[in-house]
Amino acid sequence: MSGEIVSAGGRQELQEGPQGNAAARGPFTARQLSRLDEALTLSSRETGLMFSVYVGGLQPPARAHAEALFERLDERSVLLAVSPGQRLLHIVTGPESVKRLPNRACALAALAMRASFANGDLVGGIVTGLRMLSDAAGNR
């Protein structure tokens, strides 16, 4: 499986096993990446938290895999781990970010994201989730 973490600082390719050419190109167009980068940058700038998005397969148990991906980030990070093919979404917070993002705020953002995903709008769902989490976390 492969995937990539996208954050305000750029993209980090994650190679976790065999992949085909489609996976090597990534799931996003240049325009979609630009839209994600803008949402990530604004969310991170407004809150002081480091928001990141992972899109790719999650190995079972999926939550443990999302938490392992989070280990590559810092304490003030928030990771949205999305596996469209598996229809999975996990929001992982760290020791600092959890203080500003209670479970209820994450659950509401996840609900809104899933609604967009169900309508086939992966990028729109992620952007919506980032905005909701950013609003919930508040300014620095």
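Rules used in this analysis
Residues numbered from 1 in each chain as written. Predicted model: local features only at pLDDT ≥ 70, side-chain atom pairs only at ≥ 80, totals over all residues. Heavy atoms only, no water. 1 Å grid on protein atoms, 1.4 Å probe; cavity = no way out; pocket = protein on both sides within 12 Å on 5 of 7 lines; lining within 4 Å. Points joined across faces, edges and corners; volume = space filled by probe spheres on them. Helix = DSSP H or I, 4+ residues; strand = E, 2+ residues; numbered from the N terminus. Nonpolar A, V, L, I, M, F, W, Y, C, P; charged D, E, K, R; others polar. Buried < 20%, exposed > 50% of the residue type's maximum accessible area, 1.4 Å probe, protein only. Pairing = 2+ DSSP bridges. Right-handed = clockwise from strand over helix to strand, strands pointing away. Arc of directions from axis to C-beta. Core = buried A, V, L, I, M, F, W, Y, C linked by side-chain atoms within 4.5 Å. Contact = heavy atoms within 4.5 Å.

1. Here we look at the layout of surface pockets
Estimates place the volume of the largest pocket at around 240 Å³. Forming the walls of the largest pocket are V82, S83, P84, R87, L88, L89, R114, F117, A118, G120, D121 and L122. At the level of elements, β4 (77-83), β5 (88-93) and α4 (103-118) are the ones that each hand at least two residues to the lining of the largest pocket. No other element matches the three residues that α4 contributes to the lining of the largest pocket. Taken together, the residues that form the lining of the largest pocket break down as seven nonpolar, two polar and three charged.

2. Details of the pairing of β4
The side chains of a regular strand alternate between both faces of the sheet. For β4, the buried fraction is high: seven of the seven residues fall into the buried class. Residues S77, L79, A81 and S83 point to one face of β4 and V78, L80 and V82 to the other, with burial holding for every one of them. The sheet contact formed by strand β3 (residues 50-56) and β4 spans six bridges and is parallel. Across the sheet, the residue bridging to V53 is L80, located in β4. Where the polypeptide runs from β3 across helix α3 (residues 62-70) and back to β4, its parallel neighbour, the crossover connection is right-handed. The hairpin turn running from β4 into β5, its antiparallel successor, is four residues long, and R87 in that turn takes a positive phi close to 60 degrees.

3. Quick notes on α3
Within α3, the full set of buried residues consists of A62, H65, A66, L69 and F70. Buried residues of α3, viewed axially, fall in a sector of 145 degrees; they line one side.

4. Regarding the nonpolar core
Nonpolar side chains tend to gather and get buried jointly when the protein is soluble and globular. Judged by nonpolar contacts, the single largest core of 26 residues is most densely connected at I126 and L133. Those elements that place two or more of their residues in this core are α2 (30-47), β3, β4, β5, α4 and α5 (122-137). Residue contributions to this core peak at six residues, all from α5. The residues contacting L133, other than those within four sequence positions of it, are F51, V78, L80, I91, L101, A105, C106 and A109. One finds A66, L69, F70 and L79 within the second-largest nonpolar core, a separate group that totals 10 residues.

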